[in-house]
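Each chain is listed here by its residues.
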Amino acid sequence: MKKHLHTSLILAVALMVGCAKDDPAPVNPVVGEWLLSQFTFTNLTDEFSDWEGFNGTSFWGEDTYQLNFVKDMTYSRELSFSSGNVYTEEGDWESDEQDLFLDPDGSGIGIYNDFKVVEATEKDLTLSADINQYLIPNIYYDTVTQEYIDKLNMWETEDVDKYNAELNRILQLTSITLVYEFDKTND
């Protein structure tokens, strides 16, 4: 009886170990197809605090920004614009659950490749990147007159070069955190 109990115990342990080896490895939650739903500016300095929380659906002027992360550690991304221009990139990715690194084949499309993973669930992916961005400082809004705003609005529609020159004069480079929120498209 003892011998049968001992043999049964060994078989049970072997069976459990054998089954455990057959369990698939967990899939990284970033794997899937993702479509940008919104971006937000955060962590701005006091001189640019009026931009805190600024958000939109198009950071680069794109109509869509799509990411596709595959289990084999390759990725692709695509930015499409209403002008008909489409920019694509492929490469390899890696993630340690806190950081996400994209390694594009060739030169890529020239946008951010290193992200913090803020959230990764079955349906939502939130990534952030610390970047430098040209923005208009708060003091501009505190001191500008309505006459000047009217001039800028006129220049924007009538003389784009003059408008852009004036805008470039008042823009300043600052550090921000850009937060991207993506929705899963392949459920």
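Let us look at the structure shown here. (Residues numbered from 1 in each chain as written. Predicted model: local features only at pLDDT ≥ 70, side-chain atom pairs only at ≥ 80, totals over all residues. Heavy atoms only, no water.)

**What to know about the environment of Phe41**
Argument step 1. Residue position: Phe41 is located in strand S1 (residues 32–42).
Argument step 2. Residue Phe41 is classed as buried on the basis of its relative accessible area of 4%.
Argument step 3. In the structure, Phe41 is positioned 13 residues away from Phe54 in sequence and 5.3 Å away in space, judged by C-alpha atoms.
Argument step 4. If near-sequence neighbours (up to four positions away) are discounted, Phe41 is found in contact with Trp51, Glu52, Gly53, Phe54, Phe59, Leu135, Ile176, Thr177 and Leu178. (Helix = DSSP H or I, 4+ residues; strand = E, 2+ residues; numbered from the N terminus. Buried < 20%, exposed > 50% of the residue type's maximum accessible area, 1.4 Å probe, protein only. Contact = heavy atoms within 4.5 Å.)

**Some words on helix H4 (residues 160–170)**
Argument step 1. Along H4, the positions that sit buried rather than exposed are Tyr163, Glu166 and Ile170. Viewed along the axis of H4, the buried residues span an arc of 70°, placing them on a single side of the element. Looking at H4, the residues exposed on the side facing more than 90 degrees away from the buried face are Asp161, Asn168 and Arg169.
Argument step 2. For H4, the elements touching its buried residues are strand S8 (124–135), helix H2 (138–143), helix H3 (146–158) and strand S9 (172–184). (Arc of directions from axis to C-beta.)

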